[in-house]
Amino acid sequence: MGLGLLTDGINEVIATTWQNAAPMGLIYRNQVVRMAVFRGSHTAERIRQDGWVVANFIFDPLMYVKTAFEDLPPGEFLDEKAGGIPVQRLAGAEAWAAYQAVVERETDDALIVQLSLLKEVVCRSAIHPVNRGFNSIIEATVHATRFQKSREPRLHDLILHHAALVRRCGGARELEALDLLFTYLDFGNEE
Ligand SMILES: Cc1cc2nc3c(=O)[nH]c(=O)nc-3n(C[C@H](O)[C@H](O)[C@H](O)COP(=O)(O)O)c2cc1C
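Details of the overall build of the chain
Part 1 of the argument: Along the backbone of the chain there are five helices and eight strands.
Part 2 of the argument: Going residue by residue from the N terminus, the α and β elements of the chain occur as β-β-β-α-β-α-β-β-β-β-α-α-α.
Part 3 of the argument: Computed over C-alpha atoms, the radius of gyration of the chain comes to 17 Å, within 12% of the 16 Å expected from 2.2 N^0.38 for 191 residues, which places it in the range of a compact globule.
Part 4 of the argument: Dimensions of the chain, computed from C-alpha atoms along their principal axes, come out at roughly 50 × 40 × 35 Å.
Part 5 of the argument: Within the chain, the fraction of its 191 residues that count as buried is 43%.

Here's what the structure looks like:
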C-alpha cells in the first residue's frame, strides 16, 4: 500500500470511532501505520470493541481543542461504509481515511494498534499556508491534555509559550481556539 493521504512520520489527525472524536497521532513508518492510544480513553475502548478507526484531515483549530476536551454532538458525524464495515467520519473533514484497527500489543499505559487502510476519500482540497499560530494551537492542546492529568509546571510554561505565539501569528479562529483552551484549563489571562 502506498503512502496514500498520510505522510512519513506522525500525522496529527482527528480520529473518529463510534460517536467519538479525539486528536490522535497516526505513526507512519516503514510502510506501517500505527497508533499508541492511552488506556482509559474512549478511543481505546471503541477500537477494542469495534476494530476500526477513521482519520479525519481537518484544519480547523477549534476542532482540535474541542475534540481533545469534550464530546461532539451526533450531527457532527456522518455514516460511511468502508470495506463493508459501517464507520463514522466528521462532517467537516476535508479528507478521511478509514482503517481496520488491530491491537498489536499493550504497554502499561497504552494500546499499540496497527492500522490497515480500508478506504480513503478526498472531499475537498484547499491550500493551508503554514501558520505558526495554528501549529502552536496543536502544541498547546497536546501539552494541555497532559497538564490536565499531571499539573506539571513545565507543561504550564509550554502552554503559555505557545499561547504567546498564537496571539502573535494566529488568525481569528486560532484566537477563538485559544480562548476555549484556556476555559477548559481554567486559566485566566496568564502571560
Ligand atoms: C494533537 C494531539 C495529538 C494527540 N495524540 C494522541 C495519541 O496519539 N494517543 C493518545 O492516546 N492521545 C493523544 N492525544 C490526547 C487525546 O486526544 C486526549 O486524551 C482525548 O481526551 C482523548 O479523547 P477520548 O477519550 O474521546 O478518546 C492527542 C492530543 C492532541 C491535541
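Moving on, there is more to tell.
Points about the environment of A126
Part 1 of the argument: Tracing the backbone through its elements, the reader meets A126 in the loop between β8 (110-122) and α3 (132-150).
Part 2 of the argument: The exposure class of A126 is partly exposed, given its relative accessible area of 42%.
Part 3 of the argument: For the pair A126 and E94, spaced 32 residues apart in sequence, the C-alpha to C-alpha distance is 8.1 Å.

Brief notes about the sheet that holds strand β3 (residues 32-38)
Part 1 of the argument: What the six strands build is a closed barrel, ordered β1-β2-β3-β8-β7-β4; its pairing is antiparallel. With direction set aside, neighbouring strand axes in the sheet form an average angle of 45°.
Part 2 of the argument: In terms of strand pairing, strand β7 (residues 95-106) meets β8 through 11 bridges, oriented antiparallel. For V103, the partnering residue across the bridge sits in β8 and is V113.

What about the site of the ligand?
Part 1 of the argument: In the vicinity of the ligand there are 17 residues, among which P23, A36, F38, T43 and A68 approach most closely.
Part 2 of the argument: A36 has a polar backbone atom sitting 2.8 Å from a nitrogen atom of the ligand.
Part 3 of the argument: Here H42 contributes a backbone N or O atom positioned 2.9 Å from an oxygen atom of the ligand.
Part 4 of the argument: Relative to its unbound accessible area of 650 Å², the ligand is 86% covered by the protein chains.
Part 5 of the argument: Going through the elements one at a time, β2 (20-29), β3, α1 (42-50) and α3 are the ones with two or more residues in the shell around the ligand.
Part 6 of the argument: Broken down by element, the shell around the ligand gets its largest block of residues, five residues, from β2.

Describing the environment of G92
Part 1 of the argument: Within the secondary structure layout, G92 lies in the loop between β6 (85-90) and β7.
Part 2 of the argument: Judged by its relative accessible area of 33%, G92 is partly exposed.
Part 3 of the argument: Each C-alpha atom, one on G92 and one on E76, is 7.5 Å from the other, the two residues being 16 residues apart in sequence.
Part 4 of the argument: Not counting the four nearest positions on each side in its chain, G92 is found in contact with I58 and R124.

Topic: the nonpolar core
Part 1 of the argument: Ranked by internal contacts, the top residues of the largest apolar core, which has 22 residues, are L26, M35, V53, Y99, V113 and L115.
Part 2 of the argument: For this core, the secondary structure elements donating two or more residues are β1 (9-17), β2, β3, α1, β4 (52-57), β7 and β8.
Part 3 of the argument: L26 has contacts with L6, G9, I10, N11, V13, V33, R34, M35, A55, Y99 and L115, leaving out every residue within four places of it along the chain.
Part 4 of the argument: Residues I137, F147, V166 and L185 belong to the second largest nonpolar core, which totals 18 residues.

Quick look at α1
Part 1 of the argument: Those residues of α1 lying buried are T43, A44 and I47. Viewed end-on, α1 has its buried residues packed into an arc of 100°, placing them on one side of the element.
Part 2 of the argument: The secondary structure elements touched by the buried residues of α1 are β1, β2, β3, β4, β7 and β8.

Reading the values: rules and limits
- Residues numbered from 1 in each chain as written.
- Predicted model: local features only at pLDDT ≥ 70, side-chain atom pairs only at ≥ 80, totals over all residues.
- Heavy atoms only, no water.
- Helix = DSSP H or I, 4+ residues; strand = E, 2+ residues; numbered from the N terminus.
- Rg over C-alpha atoms; globule rule 2.2 N^0.38 Å.
- Buried < 20%, exposed > 50% of the residue type's maximum accessible area, 1.4 Å probe, protein only.
- Pairing = 2+ DSSP bridges.
- Axes fitted to C-alpha atoms, helices over the stretch in contact; angles between N-to-C directions.
- Near = heavy atom within 4 Å.
- Polar contact = N/O pair within 3.5 Å; in protein donor to acceptor, adjacent residues only side chain to side chain.
- Areas by Shrake-Rupley, 256 points an atom, 1.4 Å probe, with all protein chains shown as cover.
- Contact = heavy atoms within 4.5 Å.
- Core = buried A, V, L, I, M, F, W, Y, C linked by side-chain atoms within 4.5 Å.
- Arc of directions from axis to C-beta.

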